[in-house]
Amino acid sequence: MSVNTPRSLGDFLRSRRTRLDPASFGFTGRRRTPGLRREEVAQRANISPTWYTWLEQGRGGAPSAEVLDRISSALMLTLAEREHLFMLGLGRPPEVRYNLVNTVNPRLQRLLDSFDASPAIIKTATWDVVAWNRAAAVVLTDYGTLPPGQRNILQFLFRNPAVRAKQHDWESVARVVVGAFRADVARAGLASEVGELIAELRGLSAEFDALWQDNEVLNQSEGDSVKRLQHPTLGPVELEYSAFSVDGRPDLGLIVYTPLDSEVAQRIKALAALHQRDPVAEDVSEEDVRAG
């Protein structure tokens, strides 16, 4: 038997209501029980007190997503609590909320830095790179030398000759990137936010314009799982692609590129160590990397 019953929803609402301090919301008066009254939650959620009472009593049928969103705000629920509320009330999680950010917390940055031989980045749903490690800076792109508004993966691929020259099969990479980008943006409901970027790339690159007009939708996993580069210092590099979601941050994705050759991995570590000491370390000779 399912544990998600109307009574489960009512119990959860009651437990969240009774933990809140009425004074912090401007409610006064003597109370026999802790927390907000039902009518006060209804007032904050802009719904009928009777309807809210029925929800706590397990009556009245399933609430709408809009009502649950209002109640979630009224009860000051966390993201995890909001998701639990939707699972109890509708049997499904709420729609994902995406936030456009250009930074990550220190915990995520420490995770990236722990990959000393594997380039790793964190990108947004619109494919802006917001965090990276030293291996990514020396193997992929030194994002730190670019303003935040110019760290978009599509811009690198179609507007940066150095990035294009590194690709083993640029045409295949470009096709998968554009198709996966289209899918990610649509899934996040961010088409309007990338309109200016798309118009700019279509005007500057006939190749991007042709791929965009194809309307192909892909998952990035549909491409080759091995990324092949011709690096100006490291030479031929093969990196295995792995993508992960970031817990509690549906707007962010983690990508890790793992070297397939142990010797290449050691050379990436050496080059990254030089980069830490010298921001232009990517210009050192291959002999210096081998010696490192």
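Heads up: the structure comes first, above all this text.
Reading the values: the criteria
Per-chain numbering applies: the sequence of each chain, read as written, is numbered from 1 onward. Per-residue local features of the predicted model are confined to residues with pLDDT of at least 70, and side-chain atom pairs are confined, for both listing and counting, to 80 or more; whole-chain, interface and lining totals are unaffected and use all residues. Hydrogens and water molecules were not included; the side-chain quantities draw on all heavy atoms of the structure. What counts as a helix is a DSSP run of H or I of at least four residues, what counts as a strand is a run of E of at least two, and both are numbered from the N terminus. Under the scheme applied here, a residue whose accessible area is under 20% of the maximum for its type counts as buried, over 50% as exposed, and between as partly exposed, the area being computed with a 1.4 Å probe on protein chains only. Residue contacts are defined here by distance: any two heavy atoms, one from each residue, within 4.5 Å place the two residues in contact. A pair of strands is considered paired only if DSSP assigns at least 2 bridges between the two. With axes taken as lines fitted to C-alpha atoms, and helix axes fitted only over the stretch in contact, angles between N-to-C directions fall between 0 and 180 degrees. The set of buried Ala, Val, Leu, Ile, Met, Phe, Trp, Tyr and Cys residues whose side-chain atoms join them within 4.5 Å is what this entry labels a nonpolar core. For this analysis, a salt bridge means a side-chain nitrogen from Lys or Arg found within 4 Å of a carboxyl oxygen belonging to Asp or Glu. In this scheme, roughly parallel covers angles under 35 degrees and roughly antiparallel covers those over 145, while 65 to 115 is roughly perpendicular and the rest are oblique. Each crossing gets its hand from how the near helix is turned against the far one by less than a right angle, where anticlockwise is left-handed and clockwise is right-handed.

Undergrad: Looking at this model, I keep getting lost on the environment of glutamate 56. Mind explaining?
TA: Counting through the fold element by element, glutamate 56 comes out in helix α3 (residues 49-57). Glutamate 56 gets classed as buried once you look at its relative accessible area, which sits at 0%. Separated by 18 residues in sequence, glutamate 56 and arginine 38 have C-alpha atoms that sit 8.8 Å apart. Excluding residues within four positions of it along the chain, glutamate 56 makes contact with Arg7, Gly10, Leu13, Arg14, Arg17 and Arg38.

Undergrad: What exactly am I supposed to notice about the sheet that holds strand β2 (residues 129-132) here?
TA: Either a parallel or an antiparallel arrangement is found when strands of a sheet pair, and the pairing is made through backbone hydrogen bonds. As summarised here, the arrangement of the five strands in space is β2-β1-β5-β4-β3, forming an open sheet in which the pairing is antiparallel. Only two strands of the sheet have a single neighbouring strand rather than two, namely β2 and β3 (226-231). Between one strand axis and the next, the sheet turns through 30° on average, direction left out of account. As defined by bridge partners, strand β4 (residues 235-246) adjoins strand β5 (residues 249-259) across eight bridges and the pair is classed as antiparallel. Paired with valine 246 across the bridge in β5 is arginine 249. The sheet contacts of helix α6 (residues 106-113) involve β1 (120-124), β2, β4 and β5, and relative to β2 the element is tilted by about 60°.

Undergrad: Help me out: how do you make sense of the nonpolar core in this one?
TA: In a soluble, globular protein the nonpolar side chains are often hidden away together inside. Grouped together as the largest cluster of nonpolar side chains are 45 residues, with contacts concentrated most on Ile121, Val139, Leu140, Tyr143, Phe158, Phe181 and Phe208. Here this core gets eight residues from one element, more than from any other, and that element is helix α10 (residues 170-188). Non-local contacts of phenylalanine 181, meaning those with residues more than four positions away in its chain, are made with Thr126, Trp127, Leu154, Val194, Leu197, Ile198 and Trp212.

Undergrad: Could you clarify how one ought to interpret the pattern of salt bridges in this entry?
TA: Close approach of charged atoms allows side chains of opposite charge to pair. Using the criterion set out here, one finds 18 salt bridges in the structure. Residue lysine 269 is joined to aspartate 116 by a salt bridge in which the shortest nitrogen-to-oxygen separation is 3.7 Å. One end of the pair, lysine 269, is in helix α13 (residues 262-277); the other, aspartate 116, is in the loop between α6 and β1, with 153 residues separating them in the sequence. The shortest N-O distance in the salt bridge between arginine 175 and glutamate 216 comes to 3.1 Å. You can see arginine 175 sitting in helix α10 and its partner glutamate 216 sitting in the loop between α12 (206-213) and β3, a full 41 residues away along the chain. Taking relative accessible area as the criterion, arginine 175 reaches 33% and is therefore assigned partly exposed. Using a relative accessible area of 30% as the deciding quantity, one classes glutamate 216 as partly exposed.

Undergrad: Before we go on, may I ask you to explain the packing of α10 against α12 in this structure?
TA: Packed helix pairs are specified by the crossing angle of their axes together with the interaxial distance, meaning the distance between the axes. Where α10 contacts α12, the two axes come as close as 10 Å, and the packing angle between them is 50°. Accordingly, the angle class assigned to the pair α10 and α12 is oblique. Remark: the crossing between α10 and α12 carries right-handed chirality. Along its contact with α10, which presents Trp170, Ala174, Arg175, Val178, Phe181 and Arg182, the element α12 presents Glu207, Phe208, Leu211 and Trp212.

Such coordinate-based values are descriptive only and should not be taken to indicate function.
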